[in-house]
Amino acid sequence: MSRISRVTVPILALALALSAAVVPASAETREAAEDRQALWITPFEGDRPYDSHVYGTGVVLDPTSGDVFAARYDDDFDERIRVSRLDGETGSSEWEIGLGPDKESDLADLAIDPAGQRIVLVSALRSGAVAHSLDLQGTVQWSVPLSARECEGPCRGAGTLQDVEVNPRTGTACVTRVSKASAKWGTPTAWRLDCVDRNGATVMNREFRHGGADSGDTALAVDPTRNRWYLAGAHLKGRDTRTVLLAFREGRERVWRRTRDLRGTTKTTDVTLAVDTASHRIHVAGHHSAGAHRGNRITLVSWSATGHRKADRAWRAERAHRAEAIAVDPRSHRIFVAAAGTYANTVRVRVMRANGKPIRTIKHTRGETDVAQIEIDPKRRLVLIGARTVAAYTWNGTKVWQDATRMWFDELVAYRAESAAYDQERGRLVVGWSHNDDPAPDTYVSGWQVG
């Protein structure tokens, strides 16, 4: 045997031994993801199994007590907007109240003002939108109508309510709405921002008429360190889609407006928005399509607090995927964009640096869904995903645990994650679910221990 052969044989043997050792380790890593039951599940069930409409469960957390405030629409009550306080450890109901009495009322969203010890909720009535302030014991402090000036022509009512956010520094609550001059497709729309203080007094009312043919849902965020509000949206402009970001000083006029056009698109898109409170950058994610799922792209555009563009990225999306949620870590400045779609069996979370450069993509493949919620835990370096199921992944993409509560993953009945909130101190994730059927006979809130 030659010297080369004598050397090569042991090396090959060593390589085979190492590869044999590596395979079980890899398999062991894949199997390390545990099946985890929910810490608690609180159902809200309608009285009429085939006729009830119970949906839109929004959740927020009180950082002091760890308790959960959940809001839903339930047409089995005269006061159809229902607000509940749930014990954060057990999910048991501490109180529930109804808001109304208008039977045409609908629920938009809710937010918490920790320093003011209250929650803010906005409902849509036939006559217009109303903001409600409740203390943490369930007492309504005030209910005030928002500005009735929606649009010109035959448009009436509240418009389409979007987001509700609270500036934790000042307690100012702002609401976004989208309204049209008529129900006809292609009619120009207006985006509206209405803000009230802790006493219900108007802080500012702003309206932006973009003049485009149509628009999707808007997004709202606040940078409390600068008392700066950001409103983002997208609309058609010829055969282009224009993404718009508006910056407002609280209680004052608009500071600046920035746009980004994407050519060759024919469908409007919803956007999602996040602010890095350390770098003060604003990140806007959206979805653009040339129609019939052709040329689907997820986009990310980032601007500085002075309106300078800092990132501009687009990547190919799966069939019918849309940008559903965005989160940012102020310490590492990493950006997380979750995309999901009706006909896609995967939720993909793209992890990027502050300049939009991709680091990796996390794939969550537990059931077809058209929504996705994400929360991040910088301390534990976890990404928490809620879609049709819940799972926790490391920032490297390794699944740590997955939902073992099969009621969310049924072949006949599916629930989807409508909202999520994360208690960083206690390591507790809360998800608000909605039923996919219409009528929707029930909804749920579930709690998960992450750490």
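Here, every reference points to the structure presented above.
Please read all numbers here as calculations on a predicted model, not as lab measurements. (Residues numbered from 1 in each chain as written. Predicted model: local features only at pLDDT ≥ 70, side-chain atom pairs only at ≥ 80, totals over all residues. Heavy atoms only, no water.)

(A) Here's a closer look at the pattern of salt bridges. Scanning all chains against the criterion turns up 20 salt bridges. Across the salt bridge formed by Arg85 and Asp67, the nearest N and O atoms sit 2.9 Å from each other. On the criterion of sequence distance, the pair formed by Arg85 in strand 5 (residues 81-86) and Asp67 in the loop between strand 3 (54-61) and strand 4 (68-74) is long-range, its members being 18 residues apart. By relative accessible area, Arg85 is classed as buried at 10%. A single salt-bridge network, built from bridges that share partners, covers Arg177, Arg192, Asp194, Glu207 and Arg209. (Salt bridge = Lys/Arg side-chain N within 4 Å of Asp/Glu carboxyl O. Helix = DSSP H or I, 4+ residues; strand = E, 2+ residues; numbered from the N terminus. Buried < 20%, exposed > 50% of the residue type's maximum accessible area, 1.4 Å probe, protein only.)

(B) Up close: the sheet that holds strand 20 (residues 282-288). The antiparallel open sheet is built from 4 strands, whose spatial order is 19-20-21-22. Two strands lie at the open edges of the sheet, namely strand 19 (271-275) and strand 22 (309-316), each paired on one side alone. Taking the axes of each pair of neighbouring strands and ignoring which way they run, one obtains an average angle of 15° across the sheet. Bridge analysis of strand 19 against strand 20 gives 5 bridges, and the strand direction is antiparallel. Considered in strand 20, the bridge of Val275 is made with Ile282. (Pairing = 2+ DSSP bridges. Axes fitted to C-alpha atoms, helices over the stretch in contact; angles between N-to-C directions.)

(C) Structural detail: unusual backbone geometry. We note that Asn227 has phi near 50°; this positive angle belongs to a residue other than glycine. Within the element layout of this structure, Asn227 appears in the loop between strand 15 (219-223) and strand 16 (228-237). Under the relative-accessibility criterion, Asn227 is labelled partly exposed at 21%. Positioned with a positive phi, Arg381 is a non-glycine residue whose angle comes to about 55°.

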